[in-house]
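Notes for the structure review
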Amino acid sequence: MTFGWLRRWWVIGAALALAAALTGAFALRGAGSACAAGRATSGKATFYTDIGGNCSYPTAPSDGLWVALAPAEYDSGAACGGYLDVKGPDGSVRVKVVDQCPPCETGHIDLSREAFERIADPVLGIVPVSYSTVANPKTPAMSFRIKEGASAYWFAVLVDNTGNALRKVEAKGPGGSYRAAHQEDYNYWLIDSGIGSGPFSIRVTDVRGRSVTATGITMSPGKTQTPGVRLGGGGTGVPEKKKVSPKPTPKPTPSASPTPTVAPSATVAAEPTGVVVGAAEARLGSRCD
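Where an unreviewed UniProt entry is consulted, the chain appears under the name Expansin (Peptidoglycan-binding protein), with the organism given as Asanoa ferruginea.

Let's shift gears to the overall build of the chain. Assigned secondary structure in the chain consists of three helices and 15 strands. Here the chain, with 289 residues, has 42% of them falling under the buried criterion. Nonlocal contacts in the chain, meaning residues at least 24 apart in sequence, comprise 71% of its contacts between residues at least 6 apart.

Our focus in this paragraph is the pattern of salt bridges. Tallied over the entire structure, the rule returns seven salt bridges. When the shortest N-O distance is used, the salt bridge between Asp85 and Arg94 registers 2.7 Å. In this structure Arg94 comes out as partly exposed when scored by relative accessible area, which is 39%. Between Glu148 and Arg145 there is a salt bridge, with the nearest N and O atoms lying 2.6 Å from each other. The class of Arg145 is buried, set by a relative accessible area of 13%.

Turning to the environment of Pro71, a few remarks are in order. Along the chain, Pro71 falls in helix 2 (residues 71-74). Judged by relative accessible area, which is 32%, Pro71 ranks as partly exposed. C-alpha of Pro71 to C-alpha of Glu105: the two residues are 34 residues apart in sequence and 7.6 Å apart in space. If we skip the residues at most four places from it in the chain, Pro71 touches Ser76, Gln100, Cys101, Pro102 and Cys104.

Backbone hydrogen bonds are what pair the strands of a sheet, in a parallel or an antiparallel way. Taken together, the six strands give a closed barrel; going around it, the order is 1-5-2-4-3-6, and neighbouring strands pair in mixed fashion. Strand-to-strand twist of the sheet, defined as the mean angle between neighbouring strand axes without regard to direction, takes the value 45°.

Glancing now at the pairing of strand 2 (residues 66-69). Of the two faces of strand 2, the one holding Trp66 and Ala68 and the one holding Val67 and Leu69 are both buried throughout. Sheet topology places strand 2 next to strand 4 (residues 91-100); four bridges connect them, and they run parallel. Opposite Trp66, over in strand 4, you have Lys96 as the bridge partner. The pairing of strand 2 with strand 5 (residues 108-112) spans two bridges and is antiparallel. Along strand 5, the bridge assignment pairs Ala68 with Asp110.

Reading the values: rules and limits
- Residues numbered from 1 in each chain as written.
- Predicted model: local features only at pLDDT ≥ 70, side-chain atom pairs only at ≥ 80, totals over all residues.
- Heavy atoms only, no water.
- Helix = DSSP H or I, 4+ residues; strand = E, 2+ residues; numbered from the N terminus.
- Buried < 20%, exposed > 50% of the residue type's maximum accessible area, 1.4 Å probe, protein only.
- Contact = heavy atoms within 4.5 Å.
- Salt bridge = Lys/Arg side-chain N within 4 Å of Asp/Glu carboxyl O.
- Pairing = 2+ DSSP bridges.
- Axes fitted to C-alpha atoms, helices over the stretch in contact; angles between N-to-C directions.

Pasting the structure below:
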């Protein structure tokens, strides 16, 4: 896969030199992690067109709106799949994290050209921006891609359209139990010893604690599979079940004792009718964390 970051470094360097000559150096205020939704980071933005992507997504976002982050913010792939709201001189844009920008320092984001055009004139090359992580953006249905070379003895999966960045991926084969995968910096989640030949159940948890399970994922290396589940807001996904406290079953009201019947020759008190109160059984659903 071609990442194009060497070419990007030349473009960024030229843009920085031009910006310094025209406008002076940028002062970064509060540059750092953009993980906290709503907490804006002030910095600067450039743009590039050589989409490849350290996050390993097989295709670029269909809207052409993406971003590459500095190594500290890319965080060895942990930021992949999240979204940023970016505000520039002429507007704002929402972009998906798909790549790393090795020569960028913290606070410097590298946008797609289409995204840059939403916030500034591309002639400028580099502009001051503020940006923040988006919480629970709406996305298409999630997709799962088993990596080329995977087998019953080496499991690797790429999960896309999660909306938020992921915190945990677990998987199991038929009759097995869930095992935690570890994320590589190229954004595949691996179980080095494998979990069999499938089909697999894959449980995904994002950084905001939402979980969803996809079932029936087959050992089909290089093929994108879309089982119809969602994490990123809206949609018709199949989220993990939550525990729900049962509603109490009302007890039946006891029947009153019947009024005694008076016979013509004598007064006889009838035996009262007995009352049976049934006990309700409560059933709880289960949650897989």
